[in-house]
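Coordinates in review
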Amino acid sequence: MRYAALEAYVPGEQPRDKAYIKLNTNESPYPPSPEVIASVNAAAMEELRLYSDPTCRLLRRKIADRCGVSEENVFLSNGSDDILNFAFMAFGEKGAVFPDITYGFYSVFAALHGVPTRVMPLREDFTVDPADYLTGGRLTVLANPNAPTGLALPLPEIERIVAADPDRVVVIDEAYVDFGAESALSLLPRYDNLLIVRTFSKSRSMAGARLGFALADKALIDDLEKIKYSTNPYNINRLTQLAGAAAIDSDEYFAGNCRRICRTRERTTASLKELGFTVLPSMANFVFASSDQIGGEELYRRLKERGILVRHFDKDRIREYNRITIGSEDEMDRLIAAVKSILS
Ligand SMILES: *Cc1c(COP(=O)(O)O)cnc(C)c1O
C-alpha cells in the first residue's frame, strides 16, 4: 500500500484489564457540565436519522461570539487532530518546522502528506527559542503550552514568530491554553497567517465527543473548509454539535474546573519536588517530571503495577521523564503515596 512506510501515531494506552487511575492522556477528571449532559437527550437521538449540519451554524456562532470574532473566522472539525491534519495537508507545500520535543502527531501528519520537515531542538531547559522560527517560509507548528513539557511561550514571543514572515502559516496549537497560558487570540485581527487550534477534549471534559475548532483569517478558514468538504462534510455528528453548544454556554462551570485543576497541579508539583523530583513549571493539565532516584521507564512500570497510568516517552532527551496528567485531588494523593512507597 502507498503508506507502507508510514509510522502511525501511538495514542496513550487505554487498557481494559483492570480499573486504573488514568493519568496518561490528559483527560479531565471532572464530567462535562450538567447542561452538556442534558443536551444529549431522547429528542436529539430521534434526529439522528438526519445528517448533521455541515456548517455547524449554532455552534460556530456561539464560538465566534465567545471569542469575539466573526463566524467566517471559525472552523470546526472532528477533534483538533483533524484540524492539524488538514493544516499540514493545506499549508505544508513548502515544508514544515516544529520542535524536536512536541506533540507526536505533527511528524506523523507531515509524513502522511509528504511534507518535508525541519525539526528544531528545544533549548537545554526545554524552552522554545523563537529565533529558530523566524525564517524559512515553512508551515510553522507550535503547541503553546507545549506538550509534553507544559512550558508556555509568552505572547510577545509568539507575535515575533508570526510577524517574521507573513507568507507562511503559523499554527498555534492551544490544546492546553485554558490552564493558565496566554492565548494568541488577540493577535488574530493583525495577522492573516495565524491559525489558532483549540479543542474541547481537555479543559471542556469532552475528549470522547471529538470536537476541535480553529480561529483564523477567512482565507485560511476557507482552505480548511475546502478540504473538509472534499473528505467528510458531516464529520461532526449531531450529538457532538449539541453538546459543544451547551459547553460554550457553561463556560463558568468549565472555568471552575480549570481553576481546580491548576490548584491541584501546584500542590502536586510541590509534593513531587519534596520527593526530589525535577518538575518543569507547567501551564497545562499535566506535569513533566523526572527523578534522579529512579529511571523514567522504571517509574512508569512500577506505577502501572500499582494501578496508576502515566505517560512515558521512550525518546532521546526525555527518557527519564514521565508526563503525569493532573487528576482529581484524591487521585493525585494516591499518586504521591505510590511514588513515596516506590522510592522507599
Ligand atoms: C490532546 C492534544 C490534541 C488533540 O486534541 P483532540 O481535539 O482530542 O484531537 C492536539 N494537540 C495537542 C498538543 C494535544 O495535546
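Going by the structure above, here's the rest.
Let us now look at the layout of surface pockets. Looking at the largest pocket, its volume works out to about 740 Å³. Lining the largest pocket are 32 residues, with Tyr9, Gly104, Arg311, Phe313 and Lys315 positioned closest to its centre. Sorting the residues of the lining of the largest pocket by element identifies strand E3 (96–99), helix H5 (105–112), strand E4 (117–120) and helix H10 (296–305) as the ones contributing at least two each. Considering each element in turn, the lining of the largest pocket owes the most residues, 3 residues, to H5. Split by residue class, the lining of the largest pocket holds 17 nonpolar, 7 polar and 8 charged. In terms of domain composition, the lining of the largest pocket takes at least three residues from each of domain 1 (21–31 + 252–343) and domain 2 (34–249). Reported here for the second largest pocket is a volume of approximately 560 Å³. Along the walls of the second largest pocket sit 29 residues, with Tyr9, Thr25, Asp81, Tyr103 and Lys202 positioned nearest its centre. Mapped by element, the contributors of at least two residues to the lining of the second largest pocket are helix H4 (80–91) and H5. With 3 residues, H4 is the largest single contributor of residues to the lining of the second largest pocket. Each of two domains, domain 1 (21–31 + 252–343) and domain 2 (34–249), supplies a minimum of three residues to the lining of the second largest pocket.

Criteria and thresholds
Residues numbered from 1 in each chain as written. Predicted model: local features only at pLDDT ≥ 70, side-chain atom pairs only at ≥ 80, totals over all residues. Heavy atoms only, no water. 1 Å grid on protein atoms, 1.4 Å probe; cavity = no way out; pocket = protein on both sides within 12 Å on 5 of 7 lines; lining within 4 Å. Points joined across faces, edges and corners; volume = space filled by probe spheres on them. Helix = DSSP H or I, 4+ residues; strand = E, 2+ residues; numbered from the N terminus. Nonpolar A, V, L, I, M, F, W, Y, C, P; charged D, E, K, R; others polar. Domains from an automatic or database assignment.

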